[in-house]
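The primary structure of each chain is shown beneath.
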Amino acid sequence: MATYVRPGQLGIAVPTYELVGASTAEMRAELQDYKNVGANWVRIDFSWGEIQEVANGSYNWAHFDDIVNTINSYGLEIVGVLGKIPNWAGTTMSTASGQAAYGAFAKAAAQHFGDRVDFWEMINEPNKEGITATNYTKALKAGYEGIKAIDSGDTVISGGLS
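These notes cover the structure that comes with them. (Residues numbered from 1 in each chain as written. Predicted model: local features only at pLDDT ≥ 70, side-chain atom pairs only at ≥ 80, totals over all residues. Heavy atoms only, no water.)

### A word on the overall build of the protein chain
Cut-off, in case you're wondering: Going along the chain from the N terminus, every DSSP run of H or I of four or more residues is numbered as a helix, and every run of E of two or more is numbered as a strand. What the globule rule says is 2.2 Å times the number of residues to the power 0.38, and the radius of gyration is computed from C-alpha atoms.
Within the protein chain, the secondary structure is distributed over six helices and five strands. The helix and strand sequence of the protein chain, counted from the amino end, reads β-α-α-β-α-α-β-α-β-α-β. The C-alpha atoms of the protein chain give 15 Å as radius of gyration, which agrees with the globular expectation for 162 residues (15 Å, within 12%). Principal-axis analysis of the C-alpha atoms gives the protein chain an extent of 45 × 35 × 30 Å.

Dropping the structure here:
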């Protein structure tokens, strides 16, 4: 079940590989710093191109499982940004097949992470990636439907514009 935002909560947006650092010890130290300043949330990128390198290929969640489990161990909520669109899907989300693949990826992420991640952002700064409003809306809808098919209580957030 999703945790709902209350006034006074603090979140930190961090590039995934900046958070991870060179070791698990560095990541743990960073997360402890977040807790020390009163953070409740961490917003990280789930790189679709890294998780699913080829069209119709399997998903490799291993690296992200470690990150999610470590963040959860600090009692922090996660906003997972489903982005970093792979070239094979068409980085501008201009095809129906690319949009459907994005929806399948979002659904797979929600299923895989279950209650470990209940908040999902659909593609950060889509306009910076050359995605038109029309194509973004189609990808957003596909992602929303995929996530909600798995957990109707998860929250889906549209990507912020640059």
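### Some details on the pattern of salt bridges
Any two side chains of opposite charge can pair, on the condition that their charged atoms come close. For clarity, the cut-off: For this analysis, a salt bridge means a side-chain nitrogen from Lys or Arg found within 4 Å of a carboxyl oxygen belonging to Asp or Glu. The buried label applies to any residue whose accessible area, calculated with a 1.4 Å probe on protein chains only, is under 20% of its type's maximum; exposed applies above 50%, and partly exposed to all values in between.
If you walk through the whole model with that rule in mind, you get four salt bridges. The residue R43 makes a salt bridge to E121 at a minimum N-O spacing of 2.8 Å. Within this pair, whereas R43 is found in strand β2 (residues 41-47), its partner E121 is found in strand β4 (residues 119-122), the two being separated by 78 residues in sequence. The partner of E125 in a salt bridge is K128, with the nearest N and O atoms 3.7 Å apart. A relative accessible area of 58% means that K128 is categorised as exposed.

### So, helix α4 (residues 62-73)
For clarity, the threshold we go by: In this scheme, a helix's expected span is set at 1.5 Å multiplied by one less than its residue total. Between two residues, a contact is recorded if the distance between any of their heavy atoms is within 4.5 Å.
Counted at 1.5 Å a residue, the expected span for α4 with its twelve residues is 16 Å, and the 17 Å between its end C-alpha atoms agrees. When we look at burial in α4, the residues that qualify are F64, D65, I67, V68, T70 and I71. Along its buried surface, α4 packs onto α1 (16-20), α2 (24-36), β2, α3 (48-51), β3 (77-83) and α5 (96-113). Looking one or two residues beyond α4, the residue adopting positive phi is G75, at roughly 75°.

### Focus: the sheet that holds strand β5 (residues 155-158)
As a reminder of what qualifies: Strand pairing follows a simple DSSP-based rule, namely that at least 2 bridges must link the two strands. Between N-to-C directions, angles span 0 to 180 degrees; the directions come from axes that are lines fitted to C-alpha atoms, helices contributing only their stretch in contact.
Judged by pairing direction, the sheet is parallel, and its five strands sit side by side in the order β1-β2-β3-β4-β5 without closing on themselves. One side of each edge strand has no neighbouring strand; the edge strands of this open sheet are β1 (11-13) and β5. Each strand axis lies, on average, 25° off the axis of its neighbour in the sheet, ignoring direction. Sheet topology note: the β2/β3 ladder contains seven bridges and is parallel. When the sheet's bridge partners are listed, F46 is paired in β3 with L82. Here α5 sits on the sheet in contact with β2, β3 and β4, set at roughly 165° to β4.

### Concerning the side chain of N135
Along the chain, N135 turns up in helix α6 (residues 133-150). Once residues within four sequence positions are removed from consideration, N135 is found in contact with T92, M93, S94 and Q99.

### Some details on the environment of G130
On the secondary structure map, G130 appears in the loop between β4 and α6. Each C-alpha atom of the pair G130 and R43 lies 23 Å from the other, and the pair is 87 residues apart in sequence.

### Concerning the packing of aromatic side chains
Applied cut-off: Note on ring pairs: Phe, Tyr and Trp rings are taken, using the six-membered ring of Trp, and paired if centres are within 6.5 Å. Classes follow the plane angle, with under 30 degrees stacked, over 60 edge-to-face and the rest tilted.
According to the stated counting rule, one finds twelve aromatic pairs in the structure shown. Note on F46 and W120: the rings are 5.7 Å apart at their centroids and 55° apart in plane angle, and the pair reads as tilted. Taken as a pair, F46 in strand β2 and W120 in strand β4 lie far apart in primary sequence, 74 residues in all. For the residue pair F46 and W120, the accessibility class agrees, reading buried in each case.

### Details of α6
Applied cut-off: In this context, the arc is that of the directions from the helix axis out to the C-beta atoms.
For α6, with 18 residues, the first-to-last C-alpha span of 26 Å sits near the 26 Å given by 1.5 Å per residue. If you check which residues of α6 are buried, you get N135, Y136, A139, A142, G143, G146 and I147. On an axial view of α6, the arc spanned by its buried residues comes to 130°, and they lie on one face. Exposed and facing more than 90 degrees away from the buried side of α6 are A133, K141 and A149. Among the structural elements, β3, α5, β4 and β5 are those in contact with the buried residues of α6.

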